[in-house]
Each structure stands twice: as C-alpha cells, then as structure tokens.
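What the coordinates show
Listed below, chain by chain, are the residues.
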Amino acid sequence: MDLKSLTIDGARSAVQRRETTALALAEAHYARIQQEDGQIGAFLTLSKERALEQADRIDRMAAEGKTLPPLGGVPVGIKDVMSTRGVRTTAGSKILENYIPPYDCTAVARMEAAGAMVLGKMNCDEFAMGSSNENSAYHPVRNPSDLSRVPGGSSGGSAAAVAAAMAVAALGSDTGGSIRQPASFCGVVGLMPTYGRVSRYGLIAFASSLDRIGPLTKTVKDAAIVLRTIAGRDPMDSTSAGVPVDDYVAELDKPVRGMKLGVAKEYFGDGLDEEVRQAVQAAIDKLKGLGCEIVPVSLPHTPYAIPTYYLIATAEASSNLARYDGVRYSHRARGVKTLSEMYRRSRDEGFGAEVKRRILLGTYALSAGYYDAYYLKAQRVRTLLTRDFDEAFRKVDAIVTPTSPTAAFRLGERSNDPLAMYLADIYTVTADLAGIPGISVPCGETREKLPIGLQILGKHFEEATILRLAQAYEQASQ
Amino acid sequence: MKVTDKDVAYVAELANLELTEEERAGMLRDLNSILQYVERLSELDTSNVPAMAQVSDRYRVDDSKQGNERFASTIREDVLEGLRKSLPHREALANAPDADEEFFRVPKVIER
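Just so it is clear, the model here is predicted, and its values are computed rather than measured.

Reading guide: rules and limits
- Position numbers for residues count from 1 along each chain, tracking the sequence in the order it is written.
- Naming scheme: in the order in which they are written, chains are lettered from A and ligands are numbered from 1.
- Reporting of local features is limited, given that this is a predicted model, to residues whose pLDDT is at least 70; pairs of side-chain atoms are given and counted only at 80 or more, and all residues count toward the totals for whole chains, interfaces and linings.
- Put simply, DSSP H or I for four residues or longer makes a helix, DSSP E for two residues or longer makes a strand, and each gets a number counted from the N terminus.
- Partly exposed residues are those whose C-beta has more than 12 but fewer than 20 other C-beta atoms within 10 Å; 20 or more makes a residue buried and 12 or fewer makes it exposed, with C-beta atoms placed from the backbone.
- The contact criterion used is a C-beta to C-beta distance within 7 Å, with each C-beta placed from the backbone.
- Residue ranges labeled as domains rest on an automatic or database domain assignment.
- Expected span, for any helix, means 1.5 Å times one less than how many residues it has.
- Arc definition: directions from the helix axis to the C-beta atoms.
- At least two DSSP bridges between two strands are required for those strands to pair.
- Confidence of the predictor at the level of single residues is given by pLDDT, which spans 0 to 100.
- Angles here are taken between N-to-C directions and fall from 0 to 180 degrees, while the axes themselves are lines fitted to C-alpha atoms, restricted in helices to the stretch in contact.

On to the overall build of chain B. Across its full length, chain B holds four helices and zero strands. Here chain B, with 112 residues, has 14% of them falling under the buried criterion. For chain B, restricting intrachain contacts to residue pairs at least 6 apart in sequence, the fraction spanning at least 24 positions comes to 20%.

It is worth spelling out unusual backbone geometry at this point. Working note: non-glycine residues mostly have negative phi, and peptide bonds are mostly trans. Residue A:Gly153 is joined to A:Ser154 through a cis peptide bond whose omega torsion reads 10°. If you trace the backbone, A:Ser154 turns up in the loop between strand E3 (117-122) and helix H5 (156-163). Here A:Phe127, not a glycine, exhibits a phi torsion of approximately 55°, which is positive. By the secondary structure assignment, A:Phe127 is in the loop between E3 and H5. Of note, B:Asn16 is a non-glycine position whose phi angle comes to about 55°, a positive value. If you trace the backbone, B:Asn16 turns up in the loop between helix H1 (5-14) and helix H2 (21-38).

As a further point, take the environment of A:Leu25. Residue and element names in this part refer to chain A. With respect to the helices, strands and loops of the structure, Leu 25 is situated in helix H2 (residues 22-40). In sequence terms Leu 25 and Tyr 304 are 279 residues apart; their C-alpha atoms lie 47 Å from each other. When near neighbours in sequence (up to four residues on either side) are disregarded, Leu 25 contacts Ala 11, Val 15, Thr 20, Gly 73 and Pro 75.

Another point: the domain arrangement of chain A. All names here are of chain A. We note that the domain assignment places domain 1 (3-188 + 195-236), domain 2 (260-301 + 383-476) and domain 3 (307-373) within chain A. The gap between the C-alpha centroids of domain 2 and domain 3 is 33 Å. Contacts between the two partners involve six residues from domain 2 and, on the opposite side, four residues from domain 3. When residues of the side of domain 2 that touches domain 3 are traced back to their parent elements, those giving at least two are helix H14 (418-422) and helix H15 (429-434). For the side of domain 2 that touches domain 3, the element with the most residues is H15, which contributes three residues.

Each side of the interface is counted separately: chain A has 56 residues, and chain B has 49 residues. Only helix H10 (305-320), helix H11 (339-350), helix H12 (353-366), helix H13 (371-392) and H14 of chain A provide two or more residues apiece to the side of chain A that touches chain B. If one sorts the elements of the side of chain A that touches chain B by residue count, H13(A) sits on top with 10 residues.

With that settled, consider the environment of A:Leu433. Residues and elements named next belong to chain A. In this fold, Leu 433 is placed in helix H15. C-beta crowding within 10 Å serves as the criterion here: with 29 such atoms nearby, Leu 433 is assigned to the buried category. Taking the C-alpha atoms as reference points, Leu 433 and Ile 306, 127 residues apart in sequence, are found 9.9 Å from one another.

This brings us to H2(B). Here H2(B) spans 25 Å end to end across 18 residues, near enough to the 26 Å set by a 1.5 Å rise per residue. Looking only at H2(B), the buried set comprises B:Met27, B:Asp30, B:Leu31, B:Ile34, B:Leu35 and B:Val38. Taken around the axis of H2(B), the buried residues stretch over an arc of 130°, which confines them to a single face. Opposite the buried face of H2(B), at more than 90 degrees from it, the exposed residues are B:Glu21 and B:Glu22. On its buried side, H2(B) packs onto H10, H12 and H14 of chain A together with H1 of chain B.

Below, the discussion takes up the pairing of strand E4 (residues 169-174) of chain A. All names here are of chain A. Of all six residues making up E4, six are buried, and the element is well covered by its neighbours. Pairing between E4 and strand E6 (residues 212-217): six bridges, direction antiparallel. Within E6, the residue paired with Leu 171 across the bridge is Pro 215.

Another aspect to go through is the confidence of the model for chain B. In regions of low pLDDT, the predicted coordinates are not meant to be interpreted in detail. Residues and elements named next belong to chain B. Model confidence for chain B is summarised by a mean pLDDT of 84, while 77% of its residues fall at 70 or above. For chain B, helix H3 (residues 57-60) is the element with the lowest average pLDDT, namely 63, and H1 is the one with the highest, namely 95. The ipTM for the predicted assembly is 0.90, set against a pTM of 0.96.

To continue, consider the pairing of strand E11 (residues 451-458) of chain A. All names here are of chain A. Most of E11 sits out of view: eight of its eight residues are buried. Of the two faces of E11, the one holding Pro 451, Gly 453, Gln 455 and Leu 457 and the one holding Ile 452, Leu 454, Ile 456 and Gly 458 are both buried throughout. Judged from the five bridges that link them, strand E9 (residues 398-402) and E11 form a sheet pairing that is antiparallel. For Pro 402, the partnering residue across the bridge sits in E11 and is Leu 454. Note: strand E10 (residues 438-445) against E11, six bridges, orientation antiparallel. Each bridged residue has a counterpart across the sheet, and for Val 441 the counterpart in E11 is Leu 454. Joining the antiparallel neighbours E10 and E11 is a turn of five residues, in which Lys 449 adopts a positive phi near 65°.

As a further point, take the sheet that holds E4(A). All names here are of chain A. As summarised here, the arrangement of the 11 strands in space is E1-E3-E2-E4-E6-E5-E10-E11-E9-E7-E8, forming an open sheet in which the pairing is mixed. Whereas interior strands pair on both sides, the edge strands pair on one side only; in this sheet they are strand E1 (43-46) and strand E8 (293-297). Strand-to-strand twist of the sheet, defined as the mean angle between neighbouring strand axes without regard to direction, takes the value 30°. Along the sheet face, helix H3 (residues 48-63) touches E1 and E3 and points at about 160° away from the line of E3. Along the sheet face, helix H9 (residues 274-289) touches strand E7 (260-264), E8, E9, E10 and E11 and points at about 110° away from the line of E10.

Okay, structure coming up:
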C-alpha cells in the first residue's frame, strides 16, 4: 500500500472492505516511523499499546461486517500538548518529562471514539512557543522536503509526520499560527477552526484566549472529516460554543462560483518573498478562474498584530505557566531547602530559554505600572484588529493571503533573534486574535522545491466556506 | 521605556524564576528589543476602544437582552451535567515528585 497517498477515506474503506486490517495499517506506519523518524524527529512518544488495542477493536468491527466510524482504522498523531490518559505528555518541555495525564483531552477522545488509532505524541516547540520547532526541549524536527530546514512550528512534528506519511492525519494547536505555518512549510493542509469550535479541555494551556486545536492532513477533505469529528460543545470547556456543527464534508462540493474573495494589500508588502508572492498570486488567479470575484479589502491595523499578539500571548502564558511549581506534578529540583527555593530552581531547570523569555515579558506586561501601557493597550488594539475583519467580511466571503512570508528557513537561521522568529507569524496571528477560522493549503513550490501555502480566512463559524474554497483550489491545481 | 537589570531581576522574582547572570543579560537584551518593537502600539489612539479579553464576547453575548440574559447561551444549570467526578486520590497524587498516601510533600515553608 502506498502510504504517501493514503487518505482518511482510503484507509477506512480499505479496512471496511477487508483489503487490509487496521492492525496492518498501524504496523505499516510504525515501520515507516522506524525507518524515517530517526532523521526527521517528529515523534516524542509512541503509544503502540493503545494504537494496537484500537486496531483490534476496529478489525473486529470490520470482521463482523459493522459499518466503521468515520476514522475507523486511521493512524493519527497527536501534538504533545494534548493530554492522553496513561501516555506521557510533555508539551515539548523538560518540566513535564515524566508527566502521565490521568485523563484524555476531549479532541483526542473524540478522535478515538470515531475509530482513530493514536500512534503517538508529536514533537513541538516547548509549550507551543515557537515558529520552527527548534524550541523543543528534546530535539528539533526536520522538514521532510529538505532536512536542513525547519518544519515550522509550533506543530512541527504534526506537520512533518503527515508530510512524510508517518501518520494519515494529526492534531495540532494554533495560538499564533502554529497549525497553518508548519502546514505551509511542510506542504500539507492545516486548519485552525473558529475559537470555541473545538473544546480546549485537556489542551495544555499556553494563551487561553487564543489557543485552538485543529487538524493537519494530506487533503482538504480529510481536514473536513477531522473537524466534523472534534467540533462541538463540550461541557468541560466553558468557552466551547453551542453553535451547531455543520456537515463540513457534505458542504465541500458546493460550487464556489460567485463567491467574493478579499485580497488585502497589507499581506503583500515588504518582507514577502517574491516566489511566495508569485505562487499566491497564481493561486488567486486560479480561484478567479473558478468564478470567484476578487475584491480589494483593507485590514489597516495588520502592522500592529505582532506586537499585540506578543503582549497578550505572553501575559496569558505567564499566568498559565505559574502552575508548574514542582508540587503536584512537573519537575522538582533536588536538594532544595525551602519551598520558595524549590519553586524557583524547579522552574529554572525545567523551562527552556524561550519559555522563560515569554514568562518574563508577560509578567512585565502585567506588572504594576505597565498593565495599562502594555496589556490593556494590546487588548484594545485587539478590538481594532477584529473590527478590521468585521468590516472586510461585510464585503467578502473569505480573505486570501500567503500563509507565511517565506518558505521554510534553515535550522539555526533565526534561533538567535527572537524578533525575527516572531515575524514568521506575521500573516497568521491576526486570525488568532480575531478568533476567526483559517486554513493553509499547499500552492506550489519554490525553485528549491520548498512548499508554499495559501491561507484562506473566513468568518466566525464559517469553516464550511473556507474548506469549500480550499478544496476547489486543491482540485483545480492537481 | 528601557528595561534595566533591576527590572529583570524584579520580574524574575515575581515569576518565580532565578536565572543565571548570563541568562539575565540575554533576557535584558531581548526584552528591550521586543519592547521597543511593541512601542509602535502607542501610535494608535485607543481611548474610546473597548478592551477585548476573549473571543467568546463576540458570539456569546446577546445585546438585545438585559442583565444576565445577555449571556444566556453561556449559562447552564448548576448540576453535574457532563462534568466528570473528581480524580481518585491515588491518581491525583501519582504525578507528584514527592507524596505520601494522603498529601503532597514539600520542603519546609520558610520566608526567604
């Protein structure tokens, strides 16, 4: 079986028709992980026992002639910021090196209830803080398209595993671009749903007003299948929305003719790589050829998005990460004499440089005397950024942009300059701040054969619209 | 506004981080560079702009209603609907670096 082209429906129907078994699919993927992952580094922990138990369940269903659930027998990876009962969950951090969650993340539980086999936990930047996966406390992930380059981040392991066919699909999380940017760098599809669309219960918190879970997949249809599986109200997350879940798969094939697509000049300015610009422009032309109307829109506050994001995200992170104190779980320093020394030394030893940097920045932004100037100011600008989108979406159904200003950069290229690294998220953070959904779909390659991503942004809870456009583009570009 | 070494030390203390001399110097440089970049927000007049604390405000509030009714979609009955039971004691202690059968164990609590 060709694992590279294996999709969710392909895997499920092959198991259903008994052309293969879930066990064989799981083992084929583990064999590929064994063969490939030594050089890529996408997995942090394998959960073989759990995957094979699920395989057995699915194979028995297939043998009994029962209809398999939508992800029946589909091998998936889970970003290591999502809790998995009994399976080590590190968030890419040394501070959680030995943490075994006592419960499952809702999104993971829903994937498994729909038949998915969880192969293992995917590498990521520590606490999802990073744009290159170089901030993992364990090891970096390398881009399957070019091993000297980063896979993007923070869901770098999830994106690389899908790109290298070590998993059919993966879950990632997006706080500032962490699903869409690595999807773009690795040449896969990455969907960030509307804030509140997918429960965050069991997702290790980074910035709670921004964090979202979503799929990384080989095709747009697969992203729609996963979203349909994980979306919907969860009593365990009071911010999860009661908004009805659309049948994203059924909506995919509706026509895109006559849809209005916004193009904002703010996403095509300085810093955009010329090859990326050309590829995205060609994609826009293709959508126009499919009958979409291209409408210029303005999102004037875009230049303020990165500073706004880094104040809000770090402030929330400094608060969320206060829980790692070495008492109930997480690393505890040895040989400490007092409680206060234990807190400080445990955190010093457990957190990496970028996490400390963000905790300090966030604490500073929240501290007496600076709260109004930094944190509150950023929250007000967040309103302005969101109003930009409200205004634009009065005129258009979706907005198309590049996902990232460049294709994948080299390992080490930006790791000594935090600000340069932050700018990798310049086209993605706006959607995180506004709470709207966004998808990255592959739109060609650079001359060096590095993947490029087209980003499509939609209105709150209109994932069906951006999925439909992404699929129309995907089919037209094949 | 320029961050000083003293500020870094103060903020590190608030955040329960100790940091080596070397780390502190690096953080000083990075914080100043990031905060200088962030300064551009002051170009915007936001005196009449409300703060946005969370996205849920945007789709969960019904402004045509009064008082608590505005948040009707977020209110639930005060019952255990969907909420799982508390963790068994043993499981809750299982990840602790140090615990006995009953409690988390920590070093003596003494003011620095």
